[in-house]
Amino acid sequence: LLLQSLTYESSKPWYDALYEWTTQGRLILDHHHHHHQYNPYNNSKNLELNEEGEFFVEEDKSISIEHMWHGRYILKKDRIPHSIMDEKLARNILVLGKGINFVRKCLGYVDWAPDLNNV
């Protein structure tokens, strides 16, 4: 029971990050567990990635929203938990979160969210 409790507590932040990305298109800081704030005015030429963490998707905020689909979100292959998913599934998860962000940020539906009640 103790081992099960420790395993649950240690994996919960990662599963929370997976849930937020696949349902809201949001990346969570792994160790602070806060949402990243999107800044539409950030056109910095310096590489500004999310803080290092365990989740396999990172955001490069130096990439403008106009180029969001091809460069803003990065698959970190070395962080894919191969015991529960392969690279193909990780890529599908990356595309899912990117799609949510595309609808919100590029198409202007900022409050849009998938309807999870009918799934």
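The sections below set out a description of the structure shown in this document. (Residues numbered from 1 in each chain as written. Predicted model: local features only at pLDDT ≥ 70, side-chain atom pairs only at ≥ 80, totals over all residues. Heavy atoms only, no water.)

## A look at the pattern of salt bridges
The condition is simple: Just to be clear on terms, a salt bridge is a Lys or Arg side-chain nitrogen sitting within 4 Å of an Asp or Glu carboxyl oxygen. The numbering of helices and of strands both runs from the N terminus, where a helix is a DSSP run of H or I of at least 4 residues and a strand a run of E of at least 2. To sort residues, take the accessible area from a 1.4 Å probe on protein chains only and compare it with the maximum for the residue type: under 20% means buried, over 50% means exposed, and anything in between is partly exposed.
Under the counting rule described, the total for this entry stands at six salt bridges. For D16, the salt bridge identified is with K12, shortest N-O distance 3.0 Å. With D16 and K12 both in helix 1 (residues 2-24) and four residues apart, the pair spans about one turn of that helix. For K12, a relative accessible area of 31% puts it in the partly exposed group. Among the salt bridges present, the one from E59 reaches R72, with a minimum N-O distance of 2.9 Å. Taken together, the positions of E59 in strand 1 (residues 57-59) and R72 in helix 2 (residues 68-72) put the pair 13 residues apart, joining distant regions of the chain. Given a relative accessible area of 6%, E59 falls into the buried group. Through salt bridges with shared partners, a single network forms among K77, E87 and R91.

## So, the side chain of N101
Cut-off, in case you're wondering: For this analysis, residues touch if any pair of their heavy atoms sits within 4.5 Å.
Position of N101 relative to the elements: it lies in helix 3 (residues 87-106). Residues within four places of N101 in sequence aside, it is in contact with W21, G25, M68, Y73 and C106.

## Overview of a nonpolar patch on the surface
We apply this condition: A patch is a set of surface residues, each over 30% in relative accessible area and not in a salt bridge, joined within 9 Å for like charges and within 5 Å for the nonpolar side chains Val, Leu, Ile, Met, Phe, Trp and Tyr. Residue exposure ignores everything except the shown protein chains as possible cover, and the areas themselves are Shrake-Rupley values with a 1.4 Å probe.
A grouping of W69, V95, F102, L107, Y109 and W112 is seen on the molecular surface, where their side chains present a nonpolar patch of about 580 Å² in accessible area. Mapped onto the elements, F102 comes out in helix 3.

## Side note on the nonpolar core
Condition: Residues grouped as a nonpolar core are buried Ala, Val, Leu, Ile, Met, Phe, Trp, Tyr and Cys residues, joined through side-chain atoms within 4.5 Å.
Counting 17 residues, the largest nonpolar core has W21, F55, F56, V57, Y73 and M85 as its most contacted members. Looking at this core, the elements that each hand over two or more residues are helix 1, strand 2 (73-75) and helix 3. At four residues, helix 1 tops the list of elements feeding residues into this core.

## Quick look at the packing of helix 1 against helix 3
Geometry of a packed helix pair, given as the angle between the helix axes and the separation of the axes. This is how it is decided: Axes here mean lines fitted to C-alpha atoms, for a helix over just the part in contact, with angles spanning 0 to 180 degrees between N-to-C directions. Working rule for angles: under 35 degrees goes down as roughly parallel, over 145 as roughly antiparallel, 65 to 115 as roughly perpendicular, anything else as oblique.
Interhelical geometry of helix 1 versus helix 3 gives an angle of 50° and a closest axis separation of 7 Å. With respect to their mutual orientation, helix 1 and helix 3 come out oblique. For the pair helix 1 and helix 3, the contacting residues are L18, W21, T22, T23 and Q24 in the first and I93, L94, L96, G97, K98, I100, N101 and R104 in the second.

## Overview of the environment of I63
If you trace the backbone, I63 turns up in the loop between strand 1 and helix 2. Overall, I63 belongs to the partly exposed group, its relative accessible area being 24%. Through-space distance from the C-alpha of I63 to that of Y73 is 9.0 Å; in sequence the pair is ten residues apart. For I63, the residues in contact, after removing those within four places along its chain, are G71 and R72.

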